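Here is what each chain is made of, one letter per residue.
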Amino acid sequence: MIINTQSLVLLLLCLTGLVVACSSPQPNTQLQDKHPSQGDLGVKPLMCSDCHDAQDQAFSWEQFNHTAFFPTQHRLQANQHQQLCSMCHQRNFCSDCHATRVELKPSLKNQSETFRQMPHRGDYLSRHRIDARIDPTSCFRCHGNPQTAKNCVKCHG
Amino acid sequence: MHTCCGSYSRLLLRTIYAQALVLAIFSFSFAADFNVTSETLFRSFERDTKSGSDELVLPGYEYLKLDVDRITNQSLSFHAYGWVRHDFSDSSYYPEESDGELIYAYLEYAGPKHNQSLRLGRQHVFSGVANDALDGLSFTSDLGDLFSVSAYGGLPVGLADTAGQSGDVLWGGRLAHHYRSFYNIGLSYQKVDNDDSAVTSKVGIDSAFLLPMNVGLYGNSVRNMETEGWAEHVYWLHLLVGNFSIRPYYEMFEYDDYFDAGALSGGPFASLAHSGETLDSLGLDLSWQQSPDWTFGAKAKSYSYEVNETSNFLSLSATWSGDYLTRVGGELGKMKGDAADNDYLLVRLFFYLDHLADKLWVDFVSGDGLYTGYDQEIYGQDYAYFASLGAGKTFIDDALQIKLSADYSKDPYFDNDLRSMLTVTCRFGAGQ
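Summarised in this report is the structure supplied together with it. Along each chain, numbering runs from 1 in the same order as the chain's sequence is written. Just so you know, chain letters begin at A and ligand numbers begin at 1, following the order they were written in. In keeping with the model being predicted, local features are shown solely for residues with a pLDDT of at least 70 and side-chain atom pairs are shown and tallied solely at 80 or more, while totals for entire chains, interfaces and linings include all residues. As a rule here, side-chain values come from all non-hydrogen atoms in the structure, and water together with hydrogens is ignored.

1. A word on the overall build of chain B
Here is step 1: Counting its secondary structure elements, chain B contains 2 helices and 23 strands.
Here is step 2: Per-residue burial over chain B gives 50% buried out of 432 residues.
Here is step 3: In this analysis, two residues are considered to be in contact whenever any of their non-hydrogen atoms come within 4.5 Å of each other. Intrachain contacts of chain B at a sequence separation of at least 6 include 43% that bridge at least 24 residues.
Here is step 4: With residues, only the protein chains shown are counted as cover, and all accessible areas are computed by Shrake-Rupley using a 1.4 Å probe. Just so you have it, chain B exposes about 19,600 Å², and 61% of that area is on carbon and sulfur atoms. Numbering goes from the N terminus for both helices and strands, where a helix is a DSSP run of H or I of at least four residues and a strand is a run of E of at least two. With a 1.4 Å probe rolled over the protein chains alone, any residue whose accessible area is under 20% of its type maximum counts as buried; one over 50% counts as exposed, and the rest are partly exposed.

Here it is, written out as structure tokens:
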């Protein structure tokens, strides 16, 4: 009966959320669906703080700057501000790198997009032995369940 | 020849078709916006398989994405994405000739206020300690200006193969407190049951603080509630000084708590959960926007352990950005430590020349080259080369795009491996 108690807790959480959210008399801080200046984006490296005032009260913008290290370091930003990502990114954009089973690694599925910073470029079968020995923690975030490790078990049993 | 086509992928195909049909009906009857993107990939390469050597393998992939917006009104939408693969050759390279996966398929209600959203169906949830696909329900909302909440629950897609999906449950949520840009603190919880035996339960804290001088302090900590130990602490500063983005960080992982996920952590990570290992890392990421055209990056990281031998990694990169997506760049990386079998040198050079239509017949050409040198041989070889060339052209106002690429590699696993890939992307839609 464990499922029932849990679903109940979940349902209650959702309902409480809805009730509190709908009844609280706060100003509407709803984000827009689409980022307004789509046309300018992707032309040069994307620094939010070039257009958005760093002192602006709503966000500390520089944390979203798409710097050289953003493609591997967006963990917290994605968790805390996910709706912001979808203002510019299509829903399946994240799935090339974050999905339960995709078979093709991101740099293979999008092979001609050489300007992107994708993990596992080139011969990763050899290099992964070293990377994984040195720091297996990041691997576990993307390959940590039986489905996401499906292609690994042919060698790892 | 098509007899071993798995019932799984047939089911998937049927699901996608059924959805397409439902959506078509939806979009006609409610005047919704309807968008479809189809990406078809044809690859070719040679492999040694059980039935012979250098056998030609010809897999075709179809990635289908459906978005239906404004069903009945502004707030209701449906989104789906999945792939199927079929090997058109007679090779026995793949365990199953056809395969596929439904990556997401959910109905979303986006409320007009408080950034509310309710999703029902297969979806991927990122929420504090959660980074999982589930078949179920999720909900997010702001609670006034100072709080937001998210909650989710359902069947974990990642466990579908361990004793079936029926007894599995994944649920959790995140409560965040924030004040303007000054701080944002989230507390999250997740529990996964695999057939009634608790597999994981963990609590996480994610935090962001804006300090004076525009310095940001960020971090995550995760505690494993089953082993009752801290699995990770990752903290960093983010400074913007002129055109420099600077990110010093500290990371700590306790393997026995981090990798202990019961039946979840099979395969490659199984031995790590009882290794008694601790990893401490210090690092610095640097990004310098020298001008609108030039970006330079540097990354330095040191790894020290309880059991393993220490290592250090250093990399430098430079990228020139031209018009549109035009980029030319390179990267040099070196891993060096006390154990020689962990040492390697990595060199990458790439180019992507965009918007060539007035000069060439194609819209873009791209190239990529990678060299890795290993201090100790892997299967008798101490280097790996990889090179790739591509080109693409769009037609009919971006509704159709064709890309062709070929790559070559010579490495410890493959000797003179040549592969090619053709990608055809079609976009079509209706409505509005």
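Here the narrative resumes, following the displayed structure.
2. Section: the interface of chain A and chain B
Here is step 1: Contacts between the two partners involve 95 residues from chain A and, on the opposite side, 138 residues from chain B.
Here is step 2: Of the roughly 10,000 Å² buried between chain A and chain B on both sides combined, carbon and sulfur atoms contribute 55%.
Here is step 3: By buried area we mean the combined loss of accessible area, with a 1.4 Å probe, across both parts when two parts are placed together. Considering only the side of chain A, the residues that lose the most area to chain B are Arg91(A), Phe115(A) and Ile134(A), jointly responsible for 7% of the buried surface there.
Here is step 4: Each salt bridge in this description consists of a side-chain nitrogen of Lys or Arg and a carboxyl oxygen of Asp or Glu lying within 4 Å of one another. If you look at where chain A meets chain B, you find 11 salt bridges.
Here is step 5: With a closest N to O distance of 3.6 Å, Lys109(A) and Glu39(B) form a salt bridge.
Here is step 6: Here a polar contact means two N or O atoms within 3.5 Å. Within protein one must be a hydrogen donor candidate and the other an acceptor candidate, and residues neighboring in sequence count only if both atoms are side-chain atoms. Scanning the region where chain A abuts chain B turns up 39 residue pairs in polar contact (both at pLDDT 80 or more).
Here is step 7: At the level of elements, α1 (2–23), α3 (75–80), α4 (82–85), α5 (106–109), α6 (124–134), α7 (137–143) and α8 (153–156) of chain A are the ones that each hand at least two residues to the side of chain A that touches chain B.
Here is step 8: In terms of residue count, the dominant contributor to the side of chain A that touches chain B is α1(A) (12 residues).
Here is step 9: Residues that form the side of chain A that touches chain B fall into these classes: 36 nonpolar, 39 polar and 20 charged. Residue classes follow a fixed rule: Ala, Val, Leu, Ile, Met, Phe, Trp, Tyr, Cys and Pro count as nonpolar, while Asp, Glu, Lys and Arg count as charged, and any other residue, Gly among them, counts as polar.

3. Structural notes on unusual backbone geometry
Residues and elements named next belong to chain B.
Here is step 1: With a phi close to 50°, tyrosine 324 is a non-glycine residue in the positive phi region.
Here is step 2: Along the chain, the position of tyrosine 324 falls in the loop between β17 (311–321) and β18 (327–337).
Here is step 3: With phi around 60°, histidine 355 is a residue other than glycine that occupies positive phi space.
Here is step 4: With respect to the secondary-structure elements, histidine 355 resides in the loop between β19 (344–353) and β20 (364–378).
Here is step 5: For histidine 355, a relative accessible area of 43% gives the class partly exposed.

4. Let's talk about the side chain of Ser281(B)
Here is step 1: Along the chain, Ser281(B) falls in strand β15 (residues 278–289).
Here is step 2: When sequence neighbours within four positions are dropped, the list of residues in contact with Ser281(B) reads Tyr249(B), Tyr250(B), Glu251(B), Lys301(B), Ser302(B) and Tyr303(B).

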